[in-house]
Amino acid sequence: MPRAVHVLALGIFAMVTSEFVVAGLMPQMAGGLGVTVPQIGYLITAFAMAMAFGGPFLTVAVLRLRPKPALMTLFVIFLVGNVLAATASGYALMLVARVITGVASQAFFGVAISLTAQLARPEVRGRAMAVVLNGLMLGTLLGLPLSTLVGAAFGWRAAFWAIAVLTVVAALCTAAGVPAVGHADGGGSLREEMTAFRSRRLWLALSTSTFVIGATFCAFSYFNPILTEVTGFGGGAVPVLLIAYGAATVAGNHVVGRLADRYAVPVLLCGLLLNLLSLSGFALLAHLKAPAVMFMMGIGLVGVTMNPAMATRVQRAANARPLVNTVHASCITFGVVIGSWGGGLAIGVFGLRAPLWLGAVLAAVGAATLIPDLARRARRAPADGHDSCTKSAALARATSVGPGMPPSR
């Protein structure tokens with residue numbers, strides 16, 4: 001595995017930590033900026049929307065740069081956004097800062113994943129994706145609680161300064177540890193990049209990714225109120241449970257990365273069905289502590305951990321270039337928006353278990369989007385078997401000298 005893959009994971013860790021930092025500092029930021037907690041919540045939405053819709057445009061802007069200079073440019077933009085957040089004197093400036101960091105973060109994801117595919121050998125690309133995406137899992141597991149601790153101890157601005165320092169460290173490591181390679185075949189041209197989006201297989205793969213993440217975030221966005229108000233855990237137990245959930249995502253990401261190269265579509269099908277089971281089980285038994293924790297861990301093992309298989313499938317349906325990967329990341333972010341927004345609407349109408357049921361429905365729809373690929377594989381299997389028989393017969397004829405005679409040596 002190239003060392004550069006681990007370096008790229010550090011950059012993604014910084015981006016994800018910045019994405020989640022607001023969630024842990026809402027009361028402090030509301031007091032410091034003189035606004036309400038819901039208004040601070042809109043900063044999370046602004047970051048996600050900037051990622052989903054702005055990231056691809058920034059990727060187009062850096063498309064002609066080679067991967068390493070593109071990454072360094074995105075680090076600079078991301079750093080500016082975090083410094084602006086740390087020094088923001090009012091809500092409007094903070095909103096601008098979150099949009100800047102969201103756009104840069106999404107573009108970084110696309111370029112980093114594309115570069116990972118370029119650096120790794122084809123037979124280990126899925127595993128390399130899992131290593132890079134460990135930055136995402138560890139950002140969820142460690143980035144949020146650490147930034148929350150820093151904010152609680154030194155003030156919310158210190159958390160943004162800490163992320164700025166982490167960004168500089170990641171940029172220096174990238175400058176030293178990532179090789180200066182050229183564009184992947186056909187890369188660097190917007191026209192070449194855009195041709196990939198004519199593929200129906202690509203759009204089907206992108207839709208699957210949106211449903212995978214949407215199903216997961218229906219639940220993840222509302223774990224805290226479900227665990228406290230339905231399951232009956234105390235507030236102090238929730239952070240521990242969320243850390244355990246994060247650990248499950250790291251483990252699941254490792255397993256999926258090992259399987260993604262050979263079994264991307266079967267892994268996605270199994271993941272979606274297991275997530276459907278976990279979400280439904282959680283919804284039915286959320287009032288019981290042991291089953292609730294078990295099903296919560298199940299969501300962690302087969303939810304966002306599908307990312308390596310999702311990325312592998314998208315790249316096989318199109319290519320591994322930056323714009324395809326950035327649009328894929330935008331579809332994933334759109335899944336986050338659908339899950340958190342839809343879950344909130346469902347709670348207002350049907351109560352706290354409703355997001356879990358909605359997540360189960362989205363998982364079922366996601367599994368349905370795999371049907372064309374599964375049908376294609378089923379049609380291909382008999383043909384492959386016939387080809388194998390034909391090749392075996394030909395080999396038998398080639399290695400024999402006549403009826404009843406032993407094979408030639």
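You'll find the structure just up there.
Counting starts from 1 at the beginning of each chain's written sequence and moves along it residue by residue. With the structure being a predicted model, the display of local features is reserved for residues of pLDDT at least 70 and the display and counting of side-chain atom pairs for 80 or more, all residues being used for whole-chain, interface and lining totals. Only heavy atoms go into the side-chain values, all of them from the structure, while hydrogens and water stay out.

A.B. asks: I would appreciate a short explanation of the overall build of the chain in the present structure.
C.D. replies: The secondary structure listing takes helices from DSSP runs of H or I that are at least 4 residues long and strands from runs of E that are at least 2 residues long, numbered from the N terminus. Counting its regular elements, the chain contains 16 helices and zero strands. When we talk radius of gyration, it's over C-alpha atoms, and the globule rule is simply 2.2 Å times the number of residues to the 0.38. Taking 409 residues into account, the globule formula puts the C-alpha radius of gyration at 22 Å, and the chain, at 23 Å, falls close to it. Dimensions along the principal axes, computed over C-alpha positions, put the chain at roughly 90 × 50 × 35 Å. Only protein chains enter the calculation, and the probe is 1.4 Å; a residue is then buried if its accessible area is under 20% of its type maximum, exposed if over 50%, and partly exposed in between. Counting the 409 residues in the chain, one finds 52% classified as buried.

A.B. asks: Where do I start with the environment of Val 21 in this structure?
C.D. replies: Among the secondary structure elements, Val 21 is positioned in the loop between helix 1 (3-20) and helix 2 (26-33). For Val 21 and Phe 160, which are 139 residues apart along the polypeptide, the C-alpha to C-alpha distance reads 8.0 Å. In what follows, residue pairs with any heavy atoms lying within 4.5 Å of each other are defined as contacts. Sequence-distant contacts of Val 21, that is, excluding residues within four places in its chain, are made with Arg 98, Ser 147, Ala 159, Phe 160 and Ile 163.

A.B. asks: Looking at this structure, how should I read the side chain of Arg 313?
C.D. replies: Among the secondary structure elements, Arg 313 is positioned in helix 13 (residues 307-317). Not counting residues up to four positions away in its chain, the partners in contact with Arg 313 are Leu 204, Ala 205, Thr 208, Val 265, Leu 268, Thr 369, Leu 370 and Asp 373.

A.B. asks: I tried to follow the nonpolar core on my own but got confused; where do I start?
C.D. replies: Generally speaking, a soluble globular protein has its nonpolar side chains buried in company with each other. By convention a nonpolar core is built from buried Ala, Val, Leu, Ile, Met, Phe, Trp, Tyr and Cys residues, the set being connected through side-chain atoms within 4.5 Å. With 105 residues, the main nonpolar core has Met 29, Met 94, Phe 160 and Phe 282 as its most contacted residues. With residues up to four places along the chain from it excluded, the contact list for Met 29 reads Val 22, Ile 40, Leu 43, Met 94, Trp 156 and Phe 160. Counting residues in hydrophobic clusters, the runner-up holds eleven residues, among them Ala 205, Leu 206, Val 324 and Val 327.

A.B. asks: Is there a simple way to think about a positive patch on the surface in this case?
C.D. replies: Residues Arg 201, Arg 377, Arg 379 and Arg 380 make up a contiguous surface patch of positive charge. Broken down by element, the positive patch gets its largest block of residues, three residues, from helix 16 (residues 371-398). Structurally, Arg 377 is set in helix 16. Only residues whose relative accessible area exceeds 30% and that take part in no salt bridge are eligible for patches, with like-charged residues grouped when within 9 Å of each other and nonpolar side chains (Val, Leu, Ile, Met, Phe, Trp, Tyr) grouped when within 5 Å. A 1.4 Å probe and the Shrake-Rupley method give the accessible areas. Residues count as covered only by the protein chains that appear here. Think of a salt bridge as a Lys or Arg side-chain nitrogen and an Asp or Glu carboxyl oxygen that are within 4 Å of each other. As used throughout, the charge tally considers Lys and Arg to be positive and Asp and Glu to be negative, leaving His and the chain termini uncounted. Where a charge sits is defined by one atom per residue type, namely NZ (Lys), CZ (Arg), CG (Asp) or CD (Glu).

A.B. asks: Where do I start with the environment of Arg 262 in this structure?
C.D. replies: Following the sequence through the fold, Arg 262 ends up in helix 11 (residues 237-285). Measuring from C-alpha to C-alpha, the distance between Arg 262 and Met 194 comes to 27 Å, with 68 residues separating the pair along the chain. Polar side-chain contacts of Arg 262 include one of 3.4 Å to the side chain of Tyr 263. Here a polar contact is recorded for every N or O atom pair within 3.5 Å, except that within protein the pair must consist of a potential hydrogen donor and a potential acceptor, and residues adjacent in sequence are included only if both atoms are side-chain atoms.

A.B. asks: It is not clear to me how the packing of helix 5 (residues 91-119) against helix 14 (residues 322-350) should be interpreted in this structure. Could you clarify?
C.D. replies: Each pair of packed helices can be summarised by the angle the axes make with each other and by the distance between the axes. Lines fitted to C-alpha atoms define the axes, with helix axes restricted to the stretch in contact, and inter-axis angles between N-to-C directions lie between 0 and 180 degrees. The N-to-C vectors of helix 5 and helix 14 enclose an angle of 130°; their axes lie 7 Å apart at closest approach. With respect to helix 14, the axis of helix 5 lies oblique. Crossing handedness for the pair helix 5 and helix 14: right-handed. Residue-level inspection shows Gln 106, Ala 107, Phe 109, Gly 110, Val 111, Ile 113 and Ser 114 of helix 5 in contact with helix 14, the latter providing Pro 322, Asn 325, Thr 326, Ala 329, Ser 330 and Thr 333. The class makeup of the residues in the contact of helix 5 with helix 14 is six nonpolar, seven polar and no charged. Just so you know how the angles are binned, under 35 degrees is roughly parallel, over 145 roughly antiparallel, 65 to 115 roughly perpendicular, and the rest oblique. In this scheme, a crossing is called left-handed if the near helix is turned counterclockwise away from the far one by less than a right angle; it is called right-handed if the turn is clockwise. When residues are sorted by character, Ala, Val, Leu, Ile, Met, Phe, Trp, Tyr, Cys and Pro go into the nonpolar class, Asp, Glu, Lys and Arg into the charged class, and all the rest, Gly among them, into the polar class.

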